[in-house]
Amino acid sequence: MSSQQGFTLSGKQFEALCAAFETADVQKRGSIDVQIVPKLVQDVLGSSLAPSEKDAIRLRAESKAKKGVLYFADFVEVMSETLQTTTQWGKLTTTLSGYVGIDTLQEQMRKKALKRGFEFHIMVVGGSGLGKSTLVNTLFKAQISRRSCTNESEGTIPKTVQIKSVSHVIEEKGVRLKLTVTDTPGFGDQINNENCWLPILEFINDQYEKYLSEEVNVSRKKHIPDTRVHVCLYFISPTGHSCRPLDLEFMKRLDKVVNIVPIIAKADTLTLEERYAFKKRVREDLEFHGIQFYPMKSLDEDEEETAINQALREKMPFAIVGSDREYQVNGKSVLGRKTKWGLIEVENKNHCEFALLRDMLIRTHMQDLKDVTDSIHYENFRRERLEMHSEFAGPTPPYHEMGESNL
Amino acid sequence: MSRSPEESDSRGMLGSGSRSRRMRTMRGSGAQTVRDPRNNMASYVGFANLPNQVYRKAVKRGFEFTLMVVGESGLGKSTLVNSLFITDLYSPSEYPGPSQRITKTVKVETSRVLVKEGGVQLQLTIVDTPGFGDAVDNSNCWKPITDHIEQRFEDYLNSESRVNRRTMPDNRVHACLYFIGPTGHGLKPLDIEFMKRLHDKVNIIPLIAKADTMTPEECTQFKKKILQEIKENKIQIYEFPEGEDEEDNKLNKKLRERIPFAVVGSNTLLEINGRKVRGRQYPWGVAEVENMDHCDFITLRNMLIRTHMQDLKDVTNNVHYENYRCQKLAGITATNGTEKGKPAGGKNPLAQMEEEKREHVAKMKKMEMEMEQVFEMKVKEKRQKLKDSEADLQRRHEQMKKKLEQEYKELDEKRSLFEKEKLSFEESQRQLEEQRKMDATKSLDNKKKKEKKSLF
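Everything numeric here is computed off the predicted structure, so don't read it as measured data.

What counts as what
Residues numbered from 1 in each chain as written. Chains lettered and ligands numbered in written order. Predicted model: local features only at pLDDT ≥ 70, side-chain atom pairs only at ≥ 80, totals over all residues. Heavy atoms only, no water. Helix = DSSP H or I, 4+ residues; strand = E, 2+ residues; numbered from the N terminus. Buried < 20%, exposed > 50% of the residue type's maximum accessible area, 1.4 Å probe, protein only. Contact = heavy atoms within 4.5 Å. Pairing = 2+ DSSP bridges. Right-handed = clockwise from strand over helix to strand, strands pointing away. Salt bridge = Lys/Arg side-chain N within 4 Å of Asp/Glu carboxyl O. Core = buried A, V, L, I, M, F, W, Y, C linked by side-chain atoms within 4.5 Å. Expected span 1.5 Å × (residues − 1). Axes fitted to C-alpha atoms, helices over the stretch in contact; angles between N-to-C directions. Parallel < 35°, antiparallel > 145°, perpendicular 65-115°, else oblique. Left-handed = near helix turned anticlockwise from the far one by under 90°. Buried area = accessible area lost by both parts, 1.4 Å probe. Patch = residues over 30% accessible without salt bridge, like charges linked within 9 Å, V, L, I, M, F, W, Y side chains within 5 Å. Areas by Shrake-Rupley, 256 points an atom, 1.4 Å probe, with all protein chains shown as cover. Lys, Arg positive; Asp, Glu negative; His and termini not counted. Charge placed at Lys NZ, Arg CZ, Asp CG, Glu CD. Phe/Tyr/Trp six-rings, centres within 6.5 Å; stacked < 30°, edge-to-face > 60°. Lys NZ or Arg CZ within 6 Å of the ring centre and 35° of its normal.

Student: Sorry if this is basic, but what is going on with the side chain of lysine 223 of chain B here?
Tutor: Residue and element names in this part refer to chain B. The residue lysine 223 is located in helix H7 (residues 216–232) in this model. For lysine 223, a relative accessible area of 12% puts it in the buried group. If sequence neighbours within four positions are ignored, lysine 223 has contacts with Ile208, Arg258, Pro260, Ala262 and Asp296.

Student: Even after reading the chapter, I still don't get the pairing of strand S7 (residues 260–264) of chain A, so can you show me in this structure?
Tutor: Where a strand is regular, its side chains alternate between the two sheet faces. Residues and elements named next belong to chain A. When you tally the buried positions in S7, you get five out of five residues, the bulk of the element. Relative to S7, strand S6 (residues 231–236) runs parallel, the two sharing five bridges. Bridge pairing in S7 places phenylalanine 235 opposite isoleucine 263. Taken together, S6, helix H9 (residues 245–254) and S7 constitute a β-α-β crossover, and its handedness is right-handed. In terms of strand pairing, S7 meets strand S8 (residues 318–319) through two bridges, oriented parallel. The residue of S8 that forms the bridge with isoleucine 264 is alanine 319.

Student: Sorry, what's going on with the pattern of salt bridges here?
Tutor: The tally for this structure, following the rule as stated, stands at 38 salt bridges over all chains. Here arginine 382 of chain A makes a salt bridge to glutamate 215 of chain A, at a shortest N to O gap of 3.7 Å. Of this pair, arginine 382 of chain A sits in helix H13 (residues 366–393) while glutamate 215 of chain A sits in helix H8 (residues 198–215), placing them 167 residues apart in sequence. Here glutamate 215 of chain A falls in the partly exposed class, since its relative accessible area comes to 23%. A salt bridge links glutamate 150 of chain B to lysine 201 of chain B, with the shortest nitrogen-to-oxygen separation between them at 3.7 Å.

Student: When you look at the nonpolar core in this model, what are you seeing that I'm missing?
Tutor: Soluble globular proteins: nonpolar side chains tend toward being buried together. Ile200, Ile204, Leu233, Phe250 and Val261 of chain A are the most contacted members of the largest nonpolar core, which totals 78 residues. Looking at this core, the element that brings in the most residues is H8 of chain A, giving seven residues. Once residues lying within four places of it in the same chain are set aside, the contact partners of isoleucine 204 of chain A are Met123, Val229, Leu254, Val257 and Val258 of chain A. Within the second largest apolar cluster, 69 residues are counted, among which are Cys141, Phe179, Leu190 and Leu198 of chain B.

Student: Please explain helix H4 (residues 77–84) of chain B as it appears in this structure.
Tutor: For the α-helix, the turn length of 3.6 residues means that residues three or four positions removed from each other point alike. All names here are of chain B. When you tally the buried positions in H4, you get seven out of eight residues, the bulk of the element. All buried positions along H4 are accounted for by Lys77, Ser78, Leu80, Val81, Asn82, Ser83 and Leu84. Where H4 is buried, its residues touch strand S1 (63–70), strand S3 (120–128), strand S4 (175–180), strand S5 (204–208), strand S8 (275–282) and helix H9 (297–307). Directly beyond the C-terminal end of H4, a positive phi value near 45° is found at isoleucine 86.

Student: I tried to follow helix H4 (residues 72–85) of chain A on my own but got confused; where do I start?
Tutor: Taking 1.5 Å of rise per residue, 14 residues should cover 20 Å, and H4 of chain A covers 20 Å from first to last C-alpha, within 8% of that figure. When we look at burial in H4 of chain A, the residues that qualify are Phe72, Asp74, Phe75, Val76, Val78, Met79, Ser80, Thr82 and Leu83 of chain A.

Student: What am I meant to see in the sheet that holds S7 of chain A here?
Tutor: Strand pairing in a sheet is mediated by backbone hydrogen bonds. Such pairs are either parallel or antiparallel. Residue and element names in this part refer to chain A. Taken in spatial order, the six strands of this open sheet run S4-S5-S3-S6-S7-S8, and their pairing is mixed. Both outer strands of the open sheet, strand S4 (164–172) and S8, are each paired with one neighbouring strand and no more. In this fold H9 packs onto strand S3 (118–125), S6 and S7, with an angle of close to 165° to the strand it touches most, S6. Helix-sheet contacts for helix H10 (residues 272–288) involve S6, S7 and S8, and the interaxial angle to S7 is about 150°.

Student: What is the right way to look at the sheet that holds S8 of chain B in this model?
Tutor: Residues and elements named next belong to chain B. The strand order S7-S8-S9 describes an open sheet built from three strands, whose pairing is antiparallel. The open sheet has two free edges, formed respectively by strand S7 (269–272) and strand S9 (285–288), since each of these has just one partner strand. Strand-to-strand twist of the sheet, defined as the mean angle between neighbouring strand axes without regard to direction, takes the value 70°. As paired elements, S7 and S8 share four bridges and run antiparallel to each other. What sits directly across from glutamate 271, in S8, is lysine 276.

Student: For this particular structure, what's the right way to read the packing of helix H2 (residues 37–45) of chain A against H4 of chain A?
Tutor: Two packed helices can be described by the angle between their axes and the distance between those axes. Residues and elements named next belong to chain A. It is at 12 Å that the axes of H2 and H4 come closest, and there the two elements cross at 55°. On the basis of their axis angle, the class for H2 and H4 is oblique. In this structure, H2 meets H4 at a crossing whose hand is right-handed. Together, Leu40, Val41 and Leu45 of H2 and Phe75, Met79, Thr82 and Leu83 of H4 make up the contact between the two elements.

Student: Before we go on, may I ask you to explain the interface of chain A and chain B in this structure?
Tutor: Reports often express the size of an interface as the amount of accessible area lost when the parts come together. In this assembly, 45 residues from chain A lie in contact with 42 residues from chain B. Both sides together, the interface formed by chain A and chain B hides about 3900 Å², and carbon and sulfur atoms give 56% of it. Ranking the residues of chain A by area buried against chain B places Ile191, Lys340 and Trp341 of chain A at the top, with a combined share of 22%. If you look at where chain A meets chain B, you find four salt bridges. The salt bridge partner of arginine 325 of chain A is glutamate 217 of chain B, with a shortest N-O separation of 3.5 Å. Listed by contribution, the elements that provide at least two residues to the side of chain A that touches chain B are H9, H10, strand S10 (332–339) and strand S11 (342–345) of chain A. Here the side of chain A that touches chain B gets seven residues from one element, more than from any other, and that element is H10 of chain A.

Student: Would you explain the environment of valine 120 of chain B in this entry?
Tutor: Residues and elements named next belong to chain B. Following the sequence through the fold, valine 120 ends up in strand S3. Residue valine 120 is classed as partly exposed on the basis of its relative accessible area of 24%. Those residues in contact with valine 120 that lie beyond four places of it in its chain are Tyr55, Val59, Phe63 and Val115.

Student: So what exactly am I meant to see when it comes to a positive patch on the surface here?
Tutor: A grouping of Lys448, Lys449, Lys450, Lys452 and Lys453 of chain B is seen on the molecular surface, where their side chains present a positively charged patch. When you line up the elements, lysine 453 of chain B lands in helix H11 (residues 349–455).

Student: Mind showing me how you'd approach a nonpolar patch on the surface here?
Tutor: A surface patch of nonpolar side chains, about 420 Å² in accessible area, is lined by Leu96, Val100, Ile102 and Leu105 of chain A. One can find leucine 96 of chain A in the loop between H4 and helix H5 (104–116).

Student: Got a minute to help me understand the packing of aromatic side chains in this structure?
Tutor: The description of an aromatic ring pair rests on the distance of the ring centres and on the angle between the ring planes. One pass over the structure, following the stated rule, counts 13 aromatic pairs over all chains. Aromatic side chains tyrosine 156 of chain B and tyrosine 321 of chain B sit 5.1 Å apart centroid to centroid with 85° between the ring planes, which places their arrangement in the edge-to-face category. With tyrosine 156 of chain B in helix H5 (residues 143–160) and tyrosine 321 of chain B in helix H10 (residues 309–329), this residue pair connects regions lying 165 residues apart in the sequence. Across the pair, exposure class does not vary: tyrosine 156 of chain B and tyrosine 321 of chain B are buried alike. The structure contains a cluster of three or more aromatic residues connected by ring pairs, namely Tyr208, Tyr211, Tyr378 and Phe381 of chain A. Sitting over the face of the ring of tyrosine 211 of chain A, arginine 228 of chain A holds its NZ or CZ atom 3.7 Å from the ring centroid. Lying across the ring of tyrosine 156 of chain B, arginine 172 of chain B places its NZ or CZ 3.7 Å from the centre.

Here it is in structure tokens:
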């Protein structure tokens, strides 16, 4: 059976579909109830479908149903449409009789990526003296921040918010990463801090603008350099009470533009009970004001991801201590801060949550951060820009021409 | 302890010897007699008891002390105050939930407690400033605080000037503990601005809050930076004065080197190694509040309460209050002063009078000059005006003259015309007369002829 779009089902697939249909059609009427279609599809394709895909299937089934029931031909159409949109074919995947070598795809991708290297852009925002530069150095175990690069006299607080970016290329086991760290000295330091977030907002939008202009260029580069800000670490001062008005104002404005990861800075100020209470209050504050920080709830696609992210969300904001000095503990050399009453180890999970942050940022979620920036924040920006432009340009041209119009 | 007349005579001869003995007796409790080995009699007067009398009276009256704590929220002000006086004077304000907006203005709250220790009564007033430095825009957040301090000064001034001065409650702020956040980088613009505005009104004692955030090296560096910035901005913080003794001095010097004090506050009792201490429990250790190695809390407490409380009150009374009073009574508004507080006692009143006289004379001269200038200007104006009017009049005069001449001419013409007419009229009249005469004779002739004819 073929549909108008030319999607042919193989014999085996067709048989599987028939079998499924017959088992579902207990009354042998030649039609099945629309309600049970999603479940049926799930049985056939396996249960690792995202909720959004399940919704799409249900909609399709309902659109093809006549009087609440679905006939076999329509069922087949629904199935073929579904099969086109996903690679989760569950029981309908074709089995191979020998080794073909498709698994080398992974290796090929890896080689290509290795040659090109990766890019990552972190922005650190917070009042001066909260340990931003130290944290960046600790995260990447190298002297990366602008403080260590330039011989700036410590403590000269600039009069306006400045944006300073430093780029490094670091390499580990053949994987090269171009890391850009953007610092914002002067944020929140003045007496009157109205609009101190404007330079930052402008900077982020500038990066999107640059990328957009490269993208709509008639002759594009093979690989567009990605200078967009992938994650913004916002440092919350450990007052022990709750978020300050400035924190809330900033995060309200920026959570739709960039991935925000709030952090409690200088966490060695708080005892464990204070830390726990403070975190709870900060989370309540953020929720009350509708601030969505990364990882965002609305983007969890399957159960596994939801579980991981939920666990992360409950521990956020992470209480961090940063240090680039090493001390000896039990023969091992650890990063830490030595005070008269004890040694705070940065990588000790009982002392602070630096390890959790590092794992999330680098070891597990780095690619996801880039993807979210690309597919959500950048797309939002692009849509707004194009809509704004089309307002001036008159009636919208038909869809297939839009891609070629030179903005 | 009566004195014999011999002793009173010999006292003059003995001179310094007996005096030193008397001083030694004063150091004790003032109730001993010392046998002068040269005289073999008691040389005791008894005014060695004076400090005791003052002390007893003061104790009966009780002491008052007002302490102000200023700093951004979350720096541990309430905790420190509680730790200083080892009671829960002050329960920390409930942290408002997310649905409560933080107030936009700084409030000034006073709470009063009466503490008693060893028979000595202290009425302690704590002035708190919630909301300081918390908003996004913090301009003028120091205004409520300066207003409060000046209000207290004004109250005291008024009560001092009253007729009935029996009870003068001393509500003036004696010390202001300013909490600096432990950024490690130096003072923020807000800190500098606040201290600049308040250092001539109240004794400012800067503190580094939450000092357990910093390692010892960071702490010393931070302190150095702060002192440097304070000097650069010419801020006068409270200086603990030198004591009188050598040993006191040495101790004081060591303690004074720790300014600004890095403090940690806590009122929770913990047990380590069998002894009970107040401190903060971390997974990596316990930061003890009363350990000189860990923080400067003990130093602060000693200097604030045990040794220098009276000095703080004295400085407030003699320096800050006198400044305020001087400015107020001289009629200069407090906000106008471009000259920051010169200590009132430092200027000779005569010198001040001289200066005032000079000022006055200068002012007079200036006024005179101004008046002269104005006068000249006015004269010039008037002259100009007169000239103008003269010219004007001249013009008008000429105009009139011309007009007159013209009329005259016209009249002349008219007259000549008239004469001509008259002449011609007379002429015509004469002719007419002649004609008539001729006519008359003619008719008469005719008549005569007719008559002649008819006569026949």
